[in-house]
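# Descriptive structure summary
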Amino acid sequence: MKKVSILGSTGSIGTQTLDVISHYPERFEVEGLAGGYNIPLLLEQIERFRPRKVAVATKEAAEQLRAAAKSDAQVLYGEEGLHEIAAGTDAELVVTAIVGSQGLKPTLAAIDAGKHIGLANKETLVSAGHLVTELAQRRGVALLPVDSEHSAIFQCLNGESRDRVHKITLTASGGSFRDRTREELTHVTVEDALKHPNWSMGAKVTIDSATMANKGLEVIEAHWLFGLPYDQIEVLIHPESIIHSFVEFVDYSIIAQLGMPDMRVPIQYALTYPDRMATPSERLRLSDVGKLQFREMDFDRYPCLRMAYESGRTGGSMPTVYNAANEVAVERFLKREISFLAIEEVIARVMDKHSPIPGPDLSAILEIDRWAREEARSLG
């Protein structure tokens, strides 16, 4: 019986993680859930999975949950509550499925407490990759990737020597606007951007997929997860999302991981690693797919991806700025304060204002993150 806690249990990854767990009640026990503001869904999860501890965003939400929950679970709230779900339970594995840089501190707390991490919060490694990987190594903690692309690379590298890797390639669906020119993006709406052709994801990740910022964050995450320089990390548009990513070795042999676009598969692999188990996902039948398509990445078409590479190569505090500016820009787009193409303009302008600091500690990262957000909010 593996004990699991989930940060972000009411989001897309969190609900799919619980769906996987529900198929194997004899294998998994839920220790803690952190669910933000979605009280009705969290009540259902508490009733079904019986966690010992639960956290929500605010004191008011906690009082509402205590009044409605038919459970003796301890109800917590705020940053302290998140920290307790991350580090204060008997969980062996903590799935970090919170979207955005708010996942950084609880992830570090979980690692420091010796918990293995099912990493779905890519912003954690983008903002503070050097701190996270160093602490994980010191504590002997595994960072098990949940993103389909990083899980694919992780699986392809099993049993392989890292110094025999020539390149890794992360595949990208191209997002909601993959068949539109930049000129056609001038007046696209929030509703247009949220129509992802392949994946079911939360709003922020879906918008990031359309701008290709999501793939940029994944490139930086891959740099830290696999210890590879940016020149060895490539991105290829693959509209079908069947090949989730692949590794090319020095003899030019390629090992790829394929499957239907279903996040439950990489989630389950992180939960069961190094074991494999039957999955509720649909089987891949290549004869039904018929053909697979690929397009070379166009950095002029997707400047958010170009800026991600630039921030990663600059290093230090620049990826923190990239991530924070993007989060605020996407939030403003979803609120209809700025246009879709203004997302990349906000990121570029905030990055231009920042003088990178090498090797920032946690307090510096948090301060830089705060500054970048204020700048991104102030731009017209």
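Everything numeric in this text was worked out from a predicted model, so none of it was measured.

## Considerations on the overall build of the protein
Assigned secondary structure in the protein consists of 16 helices and 12 strands. Expected size for 380 residues packed as a compact globule is a radius of gyration near 21 Å; at 20 Å, the protein falls within 12% of this value. Dimensions of the protein, computed from the C-alpha atoms along their principal axes, are close to 55 × 50 × 40 Å. A buried classification covers 57% of the 380 residues belonging to the protein. The long-range share in the protein, meaning contacts at least 24 apart out of those at least 6 apart in sequence, stands at 69%.

## A few points about the UniProt feature "binding site: Mn(2+)" (unreviewed entry) in the protein
When the UniProt feature table is mapped onto this chain, "binding site: Mn(2+)" (unreviewed entry) is found at Asp147, Glu149 and Glu218. Over a stretch of 72 residues, the named residues converge on one spot in the fold, their C-alpha atoms separated by at most 8.5 Å. Inspection of the secondary structure puts aspartate 147 in the loop between strand 7 (143-145) and helix 7 (148-156). With a relative accessible area of 9%, aspartate 147 lands in the buried category. The exposure class assigned to glutamate 218 is buried, which follows from its relative accessible area of 2%. If near-sequence neighbours (up to four positions away) are discounted, glutamate 218 is found in contact with Lys122, Asp147, Glu149, His150 and Leu170.

## Description of the packing of aromatic side chains
Inspection of the entire model under this criterion finds seven aromatic pairs. On the numbers, 5.6 Å between centres and 75 degrees between planes, the contact of tyrosine 269 with tyrosine 273 is edge-to-face. Among the residues examined, tyrosine 273 registers a relative accessible area of 31% and is labelled partly exposed. Site record: aromatic cluster; members linked through ring pairs are Phe154, Tyr269 and Tyr273. The side chain of arginine 301 reaches across the aromatic face of tyrosine 302, ending 4.4 Å from its centre.

## Quick notes on the sheet that holds strand 12 (residues 295-296)
The five strands lie next to each other as 11-10-8-9-12, forming an open sheet whose pairing is mixed. The open sheet has two free edges, formed respectively by strand 11 (254-258) and strand 12, since each of these has just one partner strand. As paired strands, strand 9 (residues 233-237) and strand 12 are joined by two bridges and run antiparallel to one another. The partner of isoleucine 237 across the bridge, within strand 12, is arginine 295. Strands in contact with helix 7 are strand 8 (165-172), strand 10 (243-249) and strand 11; relative to strand 10, the strand with the most contacts, it is inclined by about 40 degrees.

## A word on the domain arrangement of the protein
Domains assigned within the protein are domain 1 (2-145), domain 2 (161-261 + 283-303) and domain 3 (315-379). Distance from the C-alpha centre of domain 2 to the C-alpha centre of domain 3: 23 Å. The largest share of the area that domain 2 buries against domain 3 comes from Val190, Lys204 and Ile207, three residues that together contribute 31% of it. On the surface where domain 2 and domain 3 come into contact, there are two salt bridges.

## Points about the pairing of strand 9
Within strand 9, four of the five residues are buried, which leaves it mostly tucked inside the rest of the structure. With five bridges joining them, strand 8 and strand 9 adopt parallel strand pairing. Pairing of threonine 169 across the sheet is with glutamate 234, part of strand 9.

## Focus: the sheet that holds strand 6 (residues 116-119)
Here we have seven strands laid out as an open sheet, ordered 4-3-2-1-5-6-7, and parallel in their pairing. Every interior strand has two partners, whereas the edge strands, strand 4 (74-77) and strand 7, have only one. The mean inter-strand angle of the sheet, taken between neighbouring strand axes irrespective of direction, is 25 degrees. Here strand 1 (residues 2-7) runs beside strand 5 (residues 93-96); their pairing, made up of four bridges, is parallel. Directly across from serine 5, in strand 5, lies its bridge partner valine 94. Where helix 2 (residues 39-49) meets the sheet, it contacts strand 2 (28-34) and strand 3 (53-56), and its direction lies at approximately 175 degrees from that of strand 3. Contacting strand 3 and strand 4, helix 3 (residues 59-68) crosses the sheet at an angle of about 165 degrees to strand 4.

## Description of the environment of isoleucine 111
Topologically, isoleucine 111 is positioned in helix 5 (residues 104-112). The spacing of isoleucine 111 and valine 94 is 17 residues in sequence and 9.0 Å in space, taken between C-alpha atoms.

## Let's talk about helix 11 (residues 264-272)
By the criterion of burial, helix 11 is predominantly enclosed, with eight of the nine residues buried. Among the residues making up helix 11, those that are buried are Arg264, Pro266, Ile267, Gln268, Tyr269, Ala270, Leu271 and Thr272. Tucked inside the fold, the buried residues of helix 11 contact strand 1, helix 1 (12-22), strand 2, strand 5, strand 7 and helix 7.

## Remarks on the pattern of salt bridges
The full count for this structure, using the stated rule, is 29 salt bridges. Here arginine 138 makes a salt bridge to glutamate 134, at a shortest N to O gap of 3.5 Å. You can see arginine 138 and its partner glutamate 134 sitting in helix 6 (residues 122-139), four residues apart, about one turn around the helix. Overall, the relative accessible area of 52% leaves arginine 138 in the exposed class. Residue class for glutamate 134 comes out partly exposed when judged on its relative accessible area of 46%. One salt-bridge network, in which partners are shared between bridges, spans Asp19, Asp262 and Arg264.

About the cut-offs
Residues numbered from 1 in each chain as written. Predicted model: local features only at pLDDT ≥ 70, side-chain atom pairs only at ≥ 80, totals over all residues. Heavy atoms only, no water. Helix = DSSP H or I, 4+ residues; strand = E, 2+ residues; numbered from the N terminus. Rg over C-alpha atoms; globule rule 2.2 N^0.38 Å. Buried < 20%, exposed > 50% of the residue type's maximum accessible area, 1.4 Å probe, protein only. Contact = heavy atoms within 4.5 Å. UniProt positions renumbered as here; feature names shortened; annotations may be inferred. Phe/Tyr/Trp six-rings, centres within 6.5 Å; stacked < 30°, edge-to-face > 60°. Lys NZ or Arg CZ within 6 Å of the ring centre and 35° of its normal. Pairing = 2+ DSSP bridges. Axes fitted to C-alpha atoms, helices over the stretch in contact; angles between N-to-C directions. Domains from an automatic or database assignment. Buried area = accessible area lost by both parts, 1.4 Å probe. Salt bridge = Lys/Arg side-chain N within 4 Å of Asp/Glu carboxyl O.

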